[in-house]
Amino acid sequence: MELRHYFSIIWKWLWLIVLSVAVAAAFSFYAALQQPKIYQASTKMLVGQSIQSTNPNSQDIYTSQQLAVTYIQIAKTTPVLQGALNALGLTQTAEQLSQNFNASIIQGTQLIELRIVDTDPARAQALANELAHQLTLQGPAAPEQEQARRREFVRSQVDEIQRKIEEAQNAIADLQSSIQVTSTARDLADKQQQITALQVQINQWQTSYANLLAFLAPQSPNYLSVIEPAQLPREPIAPNVPLIVLLAMSLGLMLGVGGAFVLEHLDDTLKSS
């Protein structure tokens, strides 16, 4: 059979092919719209805080990456899942939640991504954030509120000491300037003594300042923190209506072409002399 003959068959039954494609597209579009919309929310967490250090330790980074794998398994345990459900007052079971939850490490990093899929976008967001909170509670770090309170107090002390150091340095500068116009040896000795006392006080403050900064600086790789909370998803991830319709149209095209050749093969009437 010549190629031209194939084209003639397709042209003859083109109406059937077009009808098959149109029917498949219409039914698939309708079916896709009837499916519930699925939304996904995700929270990103950091294991360790080495990226905030000016001189990160490679061993800490490696340890954090290994700990991330462990935290992923902890995130999938019943205490974490049930804790999130209880905190949000949801009635579903931990087993049901686990079917819509996934945790994975972002390859080559210390980041963990917690993902929740749900038919309710607000519930997906709330669950993703609460699961991250529950996972943080499983870590060895101090409770979040207590840790934040301690760090806030230390920051206030750092600011206060920095202010005192700056004031003392300004006082030393003023005393050094006044020495040049001092007329008596007694005044000169008094001002030198004041400068020395201020310098000793500054050294003590600088030592305290360095110790407080060391407390604020992250040191342990076994620390878990949220770096990107889940946002309210705006668009569903499923069903993918355009893809579903496109696949259905492809199937309708194949069925239409196949049906055309079958009908042509079954037609045994005479067409010419």
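Basis of the calculations
Residues numbered from 1 in each chain as written. Predicted model: local features only at pLDDT ≥ 70, side-chain atom pairs only at ≥ 80, totals over all residues. Heavy atoms only, no water. Pairing = 2+ DSSP bridges. Helix = DSSP H or I, 4+ residues; strand = E, 2+ residues; numbered from the N terminus. Patch = residues over 30% accessible without salt bridge, like charges linked within 9 Å, V, L, I, M, F, W, Y side chains within 5 Å. Areas by Shrake-Rupley, 256 points an atom, 1.4 Å probe, with all protein chains shown as cover. Salt bridge = Lys/Arg side-chain N within 4 Å of Asp/Glu carboxyl O. Buried < 20%, exposed > 50% of the residue type's maximum accessible area, 1.4 Å probe, protein only. Axes fitted to C-alpha atoms, helices over the stretch in contact; angles between N-to-C directions. Contact = heavy atoms within 4.5 Å.

### Some thoughts on the pairing of strand S2 (residues 101-105)
As paired strands, S2 and strand S3 (residues 111-118) are joined by 5 bridges and run antiparallel to one another. Counted as the bridge partner of phenylalanine 101 is isoleucine 116 from S3. In sequence, S2 turns back onto S3 through a hairpin of 5 residues, with glycine 108 there showing a positive phi of about 80°.

### Considering a nonpolar patch on the surface
Taken together, the side chains of Trp15, Leu19, Val23 and Phe27 present a nonpolar region at the surface, about 450 Å² in accessible area. By secondary structure assignment, the location of leucine 19 is in helix H2 (residues 14-34). Its relative accessible area of 45% is what places leucine 19 among the partly exposed residues.

### A few points about the pattern of salt bridges
Going through the model one piece at a time under the given rule, you end up with 7 salt bridges. With its nearest N and O atoms 3.2 Å apart, the salt bridge here joins arginine 115 to glutamate 113. Relative accessible area serves as the criterion here: at 18%, arginine 115 is assigned to the buried category. With its nearest N and O atoms 2.7 Å apart, the salt bridge here joins arginine 123 to aspartate 118. Overall, the relative accessible area of 9% leaves aspartate 118 in the buried class. Residues joined in a network through salt bridges with shared partners are Lys44, Glu113, Arg115 and Glu228.

### Side note on the sheet that holds S3
Reading across from one edge, S2-S3-S1-S4 is the order of the 4 strands in this open sheet, with antiparallel pairing throughout. Strands with a single pairing partner mark the edges of an open sheet, and in this sheet they are S2 and strand S4 (224-228). Taking the axes of each pair of neighbouring strands and ignoring which way they run, one obtains an average angle of 30° across the sheet. Alignment of strand S1 (residues 39-47) against S4, held across 4 bridges, turns out to be antiparallel. Bridging from a neighbouring strand, methionine 45 pairs with valine 226 of S4. The strands touched by helix H6 (residues 121-137) within the sheet are S1, S2, S3 and S4, with S1 carrying the most contacts at an inclination of about 20°.

Functional significance is not addressed by these values, which are geometric in nature.
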